[in-house]
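# Examination of the molecular architecture
Here's the letter readout for the chains.
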Amino acid sequence: MQVPLPTYVEDCYLCPGNRRVDGQRNPAYRQTFVFENDLPCVASNAPPARRPASPLYRSADARGFARVVCYTPRHDLTLAELDEARIEALLRVWQAQYAELGDHLDVAHVLIFENKGEVVGVSNPHPHCQIYATNFVFRTIESEARVSKRHLEKTGRILFQDVIDAERRDARRLLAENDSAIAFIPYFARYAYETYVAPKETHPNIAALSKSELRDLAAILKEVLVRFDNLWRTSFPYVMTLHQAPTDGGLYPSMHFHIEFHPPLRTPTLLKYLAGPEIGGGNFLSDTSPEEKAAELQAVSTVHYKQARRSKAAGR
Ligand SMILES: [Zn+2]
Ligand SMILES: [Zn+2]
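Quick look at the structure, then. Position numbers for residues start from 1 in each chain and track the written sequence from start to end. Written order decides the labels, with chains lettered from A and ligands numbered from 1. Whole-chain, interface and lining totals are the exception, using all residues; otherwise, since this is a predicted model, local features are given only for residues with pLDDT of at least 70 and side-chain atom pairs are given and counted only at 80 or more. Side-chain measures here rest on the full set of heavy atoms in the structure, leaving out hydrogens and waters.

## Some thoughts on the coordination of the zinc ion (ligand 1)
- Coordinating donors are taken to be N, O and S atoms lying within 2.8 Å of the metal, or within 3.2 Å when the metal is Na, K or Ca; because water is excluded from the atom set, some sites may appear incomplete. Protein-derived coordination of the zinc ion (ligand 1) comes from C12 (SG), C15 (SG), H75 (ND1) and H126 (ND1), at a distance range of 2.0 to 2.3 Å.
- A four-donor site is called tetrahedral if each angle lies between 85 and 135 degrees; a four-donor site is square planar, and a six-donor site octahedral, when trans pairs exceed 155 degrees and the remaining angles lie between 65 and 115; all other cases are labelled irregular. Considering all four donor atoms around the zinc ion (ligand 1), angles at the metal cover 105 to 115 degrees and the coordination shape is tetrahedral.
- In primary sequence terms, the donor set of the zinc ion (ligand 1) follows C-x2-C-x59-H-x50-H. With C12 in the segment before strand 1 (33-36) and H126 in the loop between strand 3 (109-116) and strand 4 (128-134), this pair connects stretches of sequence that are 114 residues apart. When sorted by exposure, C12 lands in the same class as H126, which is buried. Helical segments are the DSSP runs of H or I of at least four residues, strand segments are the runs of E of at least two, and each set is numbered from the N terminus. Under the scheme applied here, a residue whose accessible area is under 20% of the maximum for its type counts as buried, over 50% as exposed, and between as partly exposed, the area being computed with a 1.4 Å probe on protein chains only.

See below:
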């Protein structure tokens, strides 16, 4: 049984009105709140690159911006528990952040991500994500850009569109779908509950989505998050990352914005360890079948278990 969290915590550095490590005070925010990370991993005044000890080695300075986005003033909620309108409002914040940060000459890429849960190293449960806007492009994005460009040149098609087509034809791994958005565990999932959430139309980044696409995406995101939590009736840990085109001035017509979830658990108590094959050998060993894991997620309710409990308690 999980102990419910309080809605406000005095020494939480993300709760409204509280002081952060650098002494600044959070405003009494009521929706979302964006601020510069007090302990940034990248900043405009980053130390200069180390001098390589050999011409074999490369080193570069990592400059940019590190921000934190609080989803809500409520300390006790998670993204899964926010209603669709709140999630949609958060998507609009992500759109604005991508556009603003991506516009900087220095910023080659904007990585928006949420680490959720103690098993991925998050000690403060206050719902928030982070943004690293950097003068370099992260490795996975670089490969997605390269591979999707090659696919477009070879076939004239968008790689992610072909993935969506394959998943819809097979249908066993689909988790949710509406007019313009879709969610599935991909055929090639590495983690047991690895899930992709995406608009069906190709857009290189989230900022390019229309109002109705954003609303549809929020609905699908909400459904996936609720299914995650309902699976074990617990707050489901994950690493969530937005994959979008670099902002380095290049053109990326082959890039299809999507959100990837990498949940680290295989069971409520069993972590997927990265060990010999993954760290030692460089290949990912999947211990489960994505069809079975998708079936588990398809079987649970789309009403969050906490909300269901509250409705029951209220006699409805
Ligand atoms: Zn808090
Ligand atoms: Zn991706």
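Here the narrative resumes.
## Points about the sheet that holds strand 8 (residues 238-243)
- The strand order across the open sheet formed by nine strands is 1-2-4-3-8-9-7-6-5, and the pairing between neighbours is antiparallel. The sheet is open, and its two edges are formed by strand 1 and strand 5 (174-177), each paired on a single side. Across this sheet, the average inter-strand angle for adjacent strands is 20 degrees, counted without regard to direction.
- DSSP calls a pair of strands paired once it identifies at least 2 bridges connecting them. Bridging between strand 5 and strand 6 (residues 181-184) involves three bridges; their strand directions are antiparallel. When the bridges of strand 6 are listed, A176 appears paired with A183.
- In the packing of helix 1 (residues 84-103) onto the sheet, contacts are made with strand 1, strand 2 (64-70), strand 3, strand 4 and strand 8, and the angle to strand 2 comes to roughly 170 degrees.
- Sheet contacts for helix 3 (residues 159-170): strand 5, strand 6, strand 7 (195-199) and strand 9 (258-262); angle to strand 6, the most-contacted strand, approximately 70 degrees. Throughout, an axis means a line fitted to C-alpha atoms (over the contacting stretch in the case of helices), and angles, computed between N-to-C directions, take values from 0 to 180 degrees. The criterion used for residue contact is that any of the two residues' heavy atoms lie within 4.5 Å.

## Looking at helix 3
- Expected span of a helix, by definition, is 1.5 Å for each gap between consecutive residues, and there is one gap fewer than residues. Along its 12 residues, helix 3 runs 17 Å from first to last C-alpha, staying within 8% of the 16 Å computed at 1.5 Å per residue.
- All of the buried residues along helix 3 are F160, D162, V163, I164 and E167.
- Following helix 3 by one or two positions, A171 adopts a phi angle in the positive range, close to 70 degrees.

## Regarding the packing of aromatic side chains
- Any Phe, Tyr or Trp ring, taking Trp's six-membered ring, that has another such ring centre within 6.5 Å forms a pair; planes under 30 degrees apart are called stacked, those over 60 apart edge-to-face, and the others tilted. Counted by the stated rule, this structure contains 16 aromatic pairs.
- Centroid distance Y29 to F33: 5.0 Å. Interplanar angle 25 degrees. Geometry classified as stacked.
- Among the residues examined, Y29 registers a relative accessible area of 8% and is labelled buried.
- On the basis of relative accessibility, which here comes to 11%, the residue F33 falls in the buried class.
- Residues Y193 and W232 carry aromatic rings whose centres are separated by 5.5 Å and whose planes lie at 90 degrees to one another, so their mutual orientation is edge-to-face. Of this pair, Y193 sits in the loop between strand 6 and strand 7 while W232 sits in helix 4 (residues 211-232), placing them 39 residues apart in sequence. Considered together, Y193 and W232 belong to a single accessibility category, that of buried residues.
- Within the aromatic cluster, the residues linked to one another by ring pairs are Y193, F228, W232, F236, Y238 and F261.
- Comment: the charge-over-ring label is applied if NZ (Lys) or CZ (Arg) is within 6 Å of the ring centre and within 35 degrees of the ring normal. For R20, the ring lying beneath its charged end belongs to F35, and the centroid distance is 4.0 Å.

## Focus: the packing of helix 4 against helix 6 (residues 290-299)
- Their axes nearest at 8 Å, the elements helix 4 and helix 6 cross at an angle of 95 degrees. Taken as axis vectors, helix 4 and helix 6 run roughly perpendicular relative to one another. Between helix 4 and helix 6, the residues in contact are R227, F228 and L231 and E296, L297, Q298 and A299, respectively.
- For this classification, the nonpolar set comprises Ala, Val, Leu, Ile, Met, Phe, Trp, Tyr, Cys and Pro, the charged set comprises Asp, Glu, Lys and Arg, and every other residue, Gly included, is treated as polar. For the contact of helix 4 with helix 6, the class distribution of residues is four nonpolar, one polar and two charged. Here the word oblique covers every angle except those under 35 degrees (roughly parallel), over 145 (roughly antiparallel) and from 65 to 115 (roughly perpendicular).

Keep in mind these numbers describe shape, not what the thing actually does.
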